[in-house]
Amino acid sequence: MTVIQIPLKEKAKPRVQDERGDIFELERLASGGQGIVCKTQYPHILVKLCKKDMPEKDQQAWLRQIRWVKRQPLTDLQFALPRTMIEQHGRHGYTLELMDGLMPLDELLKQVQAAAQDLDSLLGIYKQTGGLKRRFEILATLARQLLKLHGKGLCFVDLSPANVFISRQSPYSAVWLIDCDNISATLQTRINLYTPGYGAPEVVRGECGAHIGSDLWSFAVLAFELLTLAHPFKGDMVSEGEIELEDQALRGEHPWIDHPDNDANRCSSSALPRQFLTKRLQALFEQTFNAGLNEPGLRPDMHDWLSAFEEACQQGVTCESTDCGQWFLAKSTQCSWCDYLQTR
């Protein structure tokens, strides 16, 4: 007996309509504290919608915030800003335009972490995804954009690898930021919003809303994680202990993993050695996560970070060994990844 298979009808994708009357078919891309970000049938246009269970008054407050952001002088920044409004019953949001060929930074982190079964495989994927120089370039570009934002008296509020988009192809280092709807004036923000793991301790403790100092903290955590593959506060004590220890560490109650005088939270995982970083970068991380742990005013500003990463980009060479080929900081003629002695 011949069995005829009838293809199942593809389920229709949800749709929304913006204020101009344009229709967008939605495919979920990512979710956050306030809502979801969706791909559409247009490669360069995304849609962000609030959560379905968000109370109507909160949705209206969010829409007012988005309209405020649209009025700010931000067109000189590489930010995917709100483009058109979506105001449908129960599903408010906006469209945003993004360059094609980008991916979230957290996708890069997950690629490396998934392949990091041992040091050799880790170094292989690290090199394959652009190596140390590309990471320096990405962070310099991100620091430059945030410095411009801070110069306007504004803070980004919720900086994390999920809302930083980078070039999908490893030779390139373009950087764009999405989820810009929470950008706020630093002197009036009451927004207590952060991505777990990236919130400044004072914001996590609920002592204040977001501010430039909390942006500086989030940037430093993101940068440290991208470069070393380790979270600065998730050492052995936190990763092997009760969940309460992680909560305490993120509130600023435990030392960071490289604290010079307190080794209670050291990290023995596959994190990359800090010798791959410049002395200046190591000092900026120390200043942020130690002196600046509970004193936001002691954290390095974005100009410090930009200068340090631009300087680091000029200090390296590519290893001559065909078995290595990693870009490394030229502190000596010996490759810091494989110990190969360079001939020039």
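To start, this report covers the structure provided alongside it.

Reading the values: rules and limits
Residues numbered from 1 in each chain as written. Predicted model: local features only at pLDDT ≥ 70, side-chain atom pairs only at ≥ 80, totals over all residues. Heavy atoms only, no water. Helix = DSSP H or I, 4+ residues; strand = E, 2+ residues; numbered from the N terminus. Rg over C-alpha atoms; globule rule 2.2 N^0.38 Å. Buried < 20%, exposed > 50% of the residue type's maximum accessible area, 1.4 Å probe, protein only. Contact = heavy atoms within 4.5 Å. Areas by Shrake-Rupley, 256 points an atom, 1.4 Å probe, with all protein chains shown as cover. Lys, Arg positive; Asp, Glu negative; His and termini not counted. Charge placed at Lys NZ, Arg CZ, Asp CG, Glu CD. Core = buried A, V, L, I, M, F, W, Y, C linked by side-chain atoms within 4.5 Å. Phe/Tyr/Trp six-rings, centres within 6.5 Å; stacked < 30°, edge-to-face > 60°. Lys NZ or Arg CZ within 6 Å of the ring centre and 35° of its normal. Pairing = 2+ DSSP bridges. Axes fitted to C-alpha atoms, helices over the stretch in contact; angles between N-to-C directions. Parallel < 35°, antiparallel > 145°, perpendicular 65-115°, else oblique. Left-handed = near helix turned anticlockwise from the far one by under 90°. Nonpolar A, V, L, I, M, F, W, Y, C, P; charged D, E, K, R; others polar.

### Structural notes on the overall build of the chain
From N to C terminus, the chain includes 10 helices and 14 strands. Taking 344 residues into account, the globule formula puts the C-alpha radius of gyration at 20 Å, and the chain, at 22 Å, falls close to it. Viewed in the frame of its principal axes, the chain has a C-alpha envelope of about 65 × 65 × 45 Å. The burial tally for the chain puts 49% of its 344 residues in the buried class. Relative to all contacts within the chain whose residues are 6 or more apart in sequence, the contacts with residues 24 or more apart total 60%. Total accessible area computed for the chain in this model is approximately 17,000 Å², and 49% of it derives from carbon and sulfur atoms. When the 37 basic and 44 acidic side-chain charges of the chain are each reduced to a single mean position, those positions are 7 Å apart.

### Focus on the nonpolar core
The biggest cluster of nonpolar side chains holds 76 residues, and the ones touching the most others in it are F136, F219, W305, F309 and W337. A total of 10 residues in this core trace back to one element, the largest contributor, which is helix α6 (residues 212-228). W305 has contacts with A143, F219, A220, L281, L284, F285, T288 and P300, leaving out every residue within four places of it along the chain. If you look at the next biggest cluster of nonpolar residues, it comprises 16 residues, including W62, M85, Y94 and L102.

### Notes on the packing of aromatic side chains
Enumeration over the complete set of coordinates arrives at 19 aromatic pairs. Geometrically, the ring pair formed by W305 and F309 is stacked, given 6.0 Å between the ring centres and 20° between the ring planes. Of this pair, W305 and F309 both sit in helix α10 (residues 302-313), four residues apart, roughly one helical turn. Of the residues examined, W305 reaches a relative accessible area of 0% and is grouped as buried. Among the aromatic residues, those joined into a ring-pair cluster are F136, W217, F219, F224, F233, W256, F285, F289, W305, F309 and W327. Taking the ring centre of Y126 as reference, the NZ or CZ of R135 above it sits at 4.0 Å.

### Digging into the environment of L229
Within the secondary structure, L229 is located in the loop between α6 and α7 (236-239). Considered as a pair, L229 and L272 are 43 residues apart in the sequence and their alpha carbons are 6.6 Å apart. When neighbours within four sequence positions are excluded, L229 is seen to be in contact with V112, L122, Y126, F224 and L272.

### Thoughts on the sheet that holds strand β5 (residues 45-50)
Read across the open sheet, the five strands follow the order β3-β4-β5-β7-β6; overall the sheet is antiparallel. Here the strands that pair on one side only, and so sit at the sheet edges, are β3 (27-31) and β6 (82-88). Averaged over all adjacent pairs, the angle separating strand axes in this sheet is 25°, with direction ignored. The pairing of β5 with strand β7 (residues 91-97) spans five bridges and is antiparallel. Bridging from a neighbouring strand, K48 pairs with Y94 of β7. Each of β5, β6 and β7 is contacted by helix α1 (residues 56-70), which is oriented at about 160° to β6, the strand it contacts most.

### Considering the packing of helix α4 (residues 131-151) against α10
Their axes nearest at 8 Å, the elements α4 and α10 cross at an angle of 155°. Classed by the angle they form, the pair α4 and α10 counts as roughly antiparallel. Once α4 is placed against α10, the crossing between them reads as left-handed. Only M302, H303, W305, L306, F309, E310, A312 and C313 of α10 make contact with α4, whose side of the interface consists of K133, F136, E137, L139, A140, A143, R144, L146, L147 and H150. Of the residues assigned to the contact of α4 with α10, the class counts are 12 nonpolar, two polar and four charged.

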